[in-house]
Structure formats: C-alpha cells, structure tokens
Amino acid sequence: MSNIDKFFALLEAAGAVTVDDGALLTDWEVEARTGDPDNQVVRFSWTDGECDYSDILTEGGIAAGVFDDEGQFVAENHEGEKTAIQFYLLERLSAPHGIGRPRCLVVVSGGVADPVSDSGVDVEVFDWDNYRAESRAGRLEMGLPPHFKDLAAP
C-alpha cells in the first residue's frame, strides 16, 4: 500500500485529527486524487476565535511523507513547510446508571427491609418501631451513625 493510500485510509477512519499538535479537528475538506503531485487534496482549517488558519496537503507532499515513531504523519504542506498530522478515533461515552444521581431502593418483604444501592452510596436502615420497643440499653446498642441522626428525626 502506498503512502498516499495509507494516509487516506487513516484519514477516512479518523474521527478527528490534529495539525502540528494544535486543536482537535473533526472536519476537513478532501478533493479527488488526480496523480498530479501539485494537486491540493486535503485542506484542514480552524480558528482560534480571532484568526483563521489552514494547512493544505498535496498529493506529492503526502506521497513523500513518513509516519514517525510517535505515529504521526509528517509531510510538507503546499508551501513546503513541515506539517505533522495525528489521527484519532472518537468514541461516545455514556454515564453508567447512578452517576450524577445516586440511587437506593429499599425492598420490604415479610417485614424485613433490604436496601439495594449503587456503589458508593451510604445507606442505613432505621426501624422506628424496633427502636421504640427497645429498652434504653438496647437503644444505645442500636446506635444510628451520627451523620444520619438528622434524617431519622420523627
């Protein structure tokens, strides 16, 4: 596979690129290949909010380019200046259930409460009926953690 074929295969598979370690670009222009070394086939453009920038690669520049040890493609752009392109795959991330809003479900069956919660949720089951029925000494042993006492107030 030729250098130009490798470059275009990576460009087609990429979800984003960087030009000379700049901003992550997710859109670029590609023109048809003609076999002419001066044919401008790829145009990357971006802005920093104040100025517009672009870098254009020709068929000849891509054909003479090389992949370096860091996996970036280094070639001369249409002005003869060295340009380094890095290719990236993008993957959409989704938050797993429970992220952002912790959940706790208390299942009661046969008078027994069984809490089920997302990992990292601090859960305590407090039974007022059992607490009230207990002796004073028994109430001390039941011991509700201090950071839950305001929640257990009648």
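Remember, predicted model here, so these are calculated numbers, not experimental data. For every chain, the first residue of the written sequence is number 1, and numbering continues from 1 along that sequence. Totals for whole chains, interfaces and linings use all residues, but because this is a predicted model, local features are given only for residues with pLDDT of at least 70 and pairs of side-chain atoms are given and counted only at 80 or more. Note: side-chain values were computed over all heavy atoms of the structure, leaving out hydrogens and water.

Helix and strand labels come from DSSP, where a helix needs a run of H or I of at least four residues and a strand needs a run of E of at least two; each type is numbered from the N terminus. Position of Glu 59 relative to the elements: it lies in helix 2 (residues 59–64). One buried charged residue, Glu 59, forms no salt bridge at all, with the nearest opposite charge on Arg 33 at 6.0 Å. Setting aside anything within four residues of it in sequence, one finds Glu 59 in contact with Ile 4, Ala 32, Arg 33, Thr 34, Gly 35, Asp 36, Pro 37, Asn 39 and Val 41. Any residue under 20% of the maximum accessible area for its type is buried, any over 50% is exposed, and the rest in between are partly exposed; the area is computed with a 1.4 Å probe on protein chains only. None of His or the chain ends enter the tally, which takes Lys and Arg as positive and Asp and Glu as negative. Only one rule defines a salt bridge in this text: a Lys or Arg side-chain nitrogen within 4 Å of an Asp or Glu carboxyl oxygen. Only heavy atoms enter the contact rule, under which two residues are in contact if any of them lie within 4.5 Å.

This model, assessed by the stated rule, comprises 3 salt bridges. Here Arg 43 makes a salt bridge to Glu 29, at a shortest N to O gap of 3.7 Å. With a gap of 14 residues between them, Arg 43 in strand 3 (residues 40–47) and Glu 29 in strand 2 (residues 29–30) connect regions that are remote in the sequence. Between Asp 118 and Arg 103 there is a salt bridge, with its nearest N and O atoms 2.7 Å apart.

Here the focus is the environment of Ala 32. As for its position among the elements, Ala 32 is in the loop between strand 2 and strand 3. The class for Ala 32 is exposed, based on a relative accessible area of 59%. Ala 32 sits 10 residues away from Val 42 along the chain, and the two C-alpha atoms are 9.2 Å apart. Setting aside anything within four residues of it in sequence, one finds Ala 32 in contact with Asn 39, Val 41 and Glu 59.

A pair of strands counts as paired when DSSP detects no fewer than two bridges linking them. With 2 bridges connecting them, strand 2 and strand 3 associate as antiparallel partners. When the sheet's bridge partners are listed, Glu 29 is paired in strand 3 with Arg 43. Looking at chain direction, strand 3 and strand 4 (residues 52–58) are connected through 7 bridges and run antiparallel. Counted as the bridge partner of Trp 46 is Tyr 53 from strand 4. Here strand 3 hands over to strand 4 after 4 residues, with Gly 49 in that stretch at a positive phi of 95 degrees.

Attention now goes to the nonpolar core. By convention a nonpolar core is built from buried Ala, Val, Leu, Ile, Met, Phe, Trp, Tyr and Cys residues, the set being connected through side-chain atoms within 4.5 Å. Counting 18 residues, the largest nonpolar core has Phe 7, Leu 11, Val 17, Val 42, Phe 44, Ile 62 and Ile 85 as the members making the most contacts within it. Looking at this core, the elements with two or more residues in it are helix 1 (3–13), strand 1 (16–19), strand 3, strand 6 (73–76) and strand 7 (82–88). Looking at this core element by element, the count peaks at 4 residues for helix 1. In contact with Val 42, not counting residues within four places along its chain, are Phe 7, Phe 8, Leu 11, Glu 29, Asp 55, Ile 56, Leu 57 and Ile 62.

With that out of the way, let us pick up the environment of Trp 28. Tracing the chain through its elements places Trp 28 in the loop between strand 1 and strand 2. With a relative accessible area of 17%, Trp 28 lands in the buried category. Sequence separation of Trp 28 and Ala 113 is 85 residues, and the distance between their C-alpha atoms is 59 Å. Apart from the residues within four sequence positions on either side, Trp 28 is in contact with Leu 11, Ala 14, Gly 15, Ala 16, Val 17, Arg 43 and Phe 44.

Here we come to the sheet that holds strand 3. Whether parallel or antiparallel, the strands of a sheet pair through hydrogen bonds between backbone atoms. Reading across from one edge, 2-3-4 is the order of the 3 strands in this open sheet, with antiparallel pairing throughout. One side of each edge strand has no neighbouring strand; the edge strands of this open sheet are strand 2 and strand 4. The angle between two axes is taken between their N-to-C directions and runs from 0 to 180 degrees, where each axis is a line fitted to C-alpha atoms and a helix contributes only its stretch in contact. Each of strand 2, strand 3 and strand 4 touches helix 1; the most contacted strand, strand 3, lies at about 40 degrees to it.

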